[in-house]
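# Report on the structure
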Amino acid sequence: MGYTGLARWINAPTTGIELIHQNILRNLQGQYKSKWSLSIRSFRSTLSSIPGYQVPAERSMIALTMNDNVFVLLDDPAAPMRLEYQQMLAGYTQAQTQTQTQPDTAAPPAPGPAHYRHTFPTLSPPGALEQLLAQLRARWVSVRQTASSGGAGTKGQGAGAGAGTTGAGGLQVVVEGHVYAIGTDWLVRAGNVQLAGGAVKGMFLEAEYLPLPTMPTRANEVGGTDLQHLLSNLLLSVLPNVPDARIVAVTIGDAQWDEILWDEPEGGELAHDVPNPQKGDGDDDDDGDIYAAEGDLPATRKGDWVGVERDRRSAFLIIGALKQEGLI
């Protein structure tokens, strides 16, 4: 898995998948690999229904199922953003330092929040979230269940998750399409965005460059990368010749992604810093490749677009795009 670019074809026709299929196979000598399927559910909390309990705003939760993992984005409007808390902490530390009477006395630590506004955990297997909500009788209800059934959606609030978080009632959006390989370096995913009623709302196009696991944004750019033009050109070549096509790039800057990863260890840790138990410190590499040394390969860092981390970033971009359009 490698660095990935995502685009949204907003006004794609219903035949867009077939047009892309023919274009990749005939003109780009691509090969069909497999199906591409995502499902997205939206929930909201019902804490305000607790007698005598007041909340500034209800929380929202969006769960995207991809392969064997579920990526869950929780939004608590009452919690601070990570950057806001860091600024507040800096001001608190400075104030404590200025008011200290004894220079050798350390300032008491500032009280930290239980969580920040956004939390983005990964769950496995699919269906585990609904099971957990039901077992805990958590006060979450499906957004679509509430909107479609009116009072029936809130009937189970006293029992927690109830019927609003189980079954197909909470299935709000699905992405159905295909995965293609172009040469040995590229994977392309194309899928229609289908609402619960069956209406098609455009499609997603995703290009993955397998040789490169990461590409930090350049200075003074937001979401722009050194691979921007390469990914854009590939996605444009995949598109069929359709007049007035509306294509929007879906990106995220490094600072935005750091805000989401607040609950993880600090980045920048290198894989070669971890000792290898099968190799002593004094062992040499006489039996290895004489043309390649250990330091020739790029070090693996936390946050590289590999494995579940790549799927996680892709899921966050897809959730953000659909949320901005009001589809979830």
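Look a little higher up for the structure.
Let me sum up the structure you'll find in this document. (Residues numbered from 1 in each chain as written. Predicted model: local features only at pLDDT ≥ 70, side-chain atom pairs only at ≥ 80, totals over all residues. Heavy atoms only, no water.)

## Quick word on the overall build of the protein
- Helix and strand content of the protein: eight helices and 11 strands.
- Each of the 328 residues in the protein was classed as buried or not, and the buried ones make up 38%.
- Long-range pairs, those at least 24 residues apart, make up 72% of the contacts in the protein between residues at least 6 apart in sequence.
- Of the roughly 18,500 Å² of accessible surface on the protein, a fraction of 52% belongs to carbon and sulfur atoms. (Helix = DSSP H or I, 4+ residues; strand = E, 2+ residues; numbered from the N terminus. Buried < 20%, exposed > 50% of the residue type's maximum accessible area, 1.4 Å probe, protein only. Contact = heavy atoms within 4.5 Å. Areas by Shrake-Rupley, 256 points an atom, 1.4 Å probe, with all protein chains shown as cover.)

## Details of the nonpolar core
- Core analysis: the largest hydrophobic core is formed by 30 residues, its most contacted members being Ile40, Leu64, Phe120, Phe204, Ile318 and Leu322.
- Mapped by element, the contributors of at least two residues to this core are strand E2 (31–45), strand E3 (60–66), strand E4 (69–75), strand E8 (171–182), strand E9 (186–195), helix H7 (254–260) and helix H8 (307–324).
- Among the elements that line this core, the one with the most residues is H8, at seven residues.
- Core analysis: the second largest hydrophobic core is formed by 21 residues, Tyr180, Ile182, Val188 and Leu235 among them. (Core = buried A, V, L, I, M, F, W, Y, C linked by side-chain atoms within 4.5 Å.)

## Comments concerning the pairing of E9
- Within E9, eight of the 10 residues are buried, which leaves the element mostly enclosed by the surrounding structure.
- By the bridge criterion, eight bridges tie E9 to strand E10 (residues 200–209) in an arrangement that is antiparallel. Its bridge partner being in E10, Trp186 is matched across the sheet by Tyr209.
- A loop of four residues connects E9 with E10, the two strands running antiparallel in sequence, and Gly198 in this loop sits at a positive phi of about 100°. (Pairing = 2+ DSSP bridges.)

## What to know about unusual backbone geometry
- Residue Pro125 follows Ser124 across a cis peptide bond; omega there is 0°.
- Looking at the secondary structure, you find Pro125 in the loop between strand E6 (122–123) and helix H3 (128–136).
- Of note in this structure, Asp244 is not a glycine but carries a positive phi near 60°.
- Here Asp244 is to be found in the loop between helix H6 (228–238) and strand E11 (247–250).

## Quick look at helix H1 (residues 16–27)
- For H1, built from 12 residues, the straight-helix expectation of 16 Å at 1.5 Å per residue is met to within 8% by its first-to-last C-alpha distance of 16 Å.
- If you check which residues of H1 are buried, you get Gly16, Ile17, Ile20, His21, Asn23 and Ile24.
- Gln29, located one to two residues past H1, shows a positive phi value of around 50°. (Expected span 1.5 Å × (residues − 1).)

## Looking at the packing of aromatic side chains
- According to the stated counting rule, one finds four aromatic pairs in the structure shown.
- A centroid spacing of 6.5 Å and a plane angle of 35° characterise the contact between Phe71 and Phe120, whose relative ring orientation is tilted. Taken together, the residues Phe71 in strand E4 and Phe120 in the loop between strand E5 (118–119) and E6 connect sequence positions 49 residues apart.
- In this structure Phe71 comes out as buried when scored by relative accessible area, which is 0%.
- On the basis of an interplanar angle of 45° and a centroid distance of 4.8 Å, the ring pair of Trp186 and Tyr209 is categorised as tilted. You can see Trp186 sitting in strand E9 and its partner Tyr209 sitting in strand E10, a full 23 residues away along the chain. Judged on exposure class, the residue Trp186 and its partner Tyr209 are both buried.
- Of the aromatic side chains, those joined through ring pairs into one cluster are Phe71, Phe120 and Phe316. (Phe/Tyr/Trp six-rings, centres within 6.5 Å; stacked < 30°, edge-to-face > 60°.)

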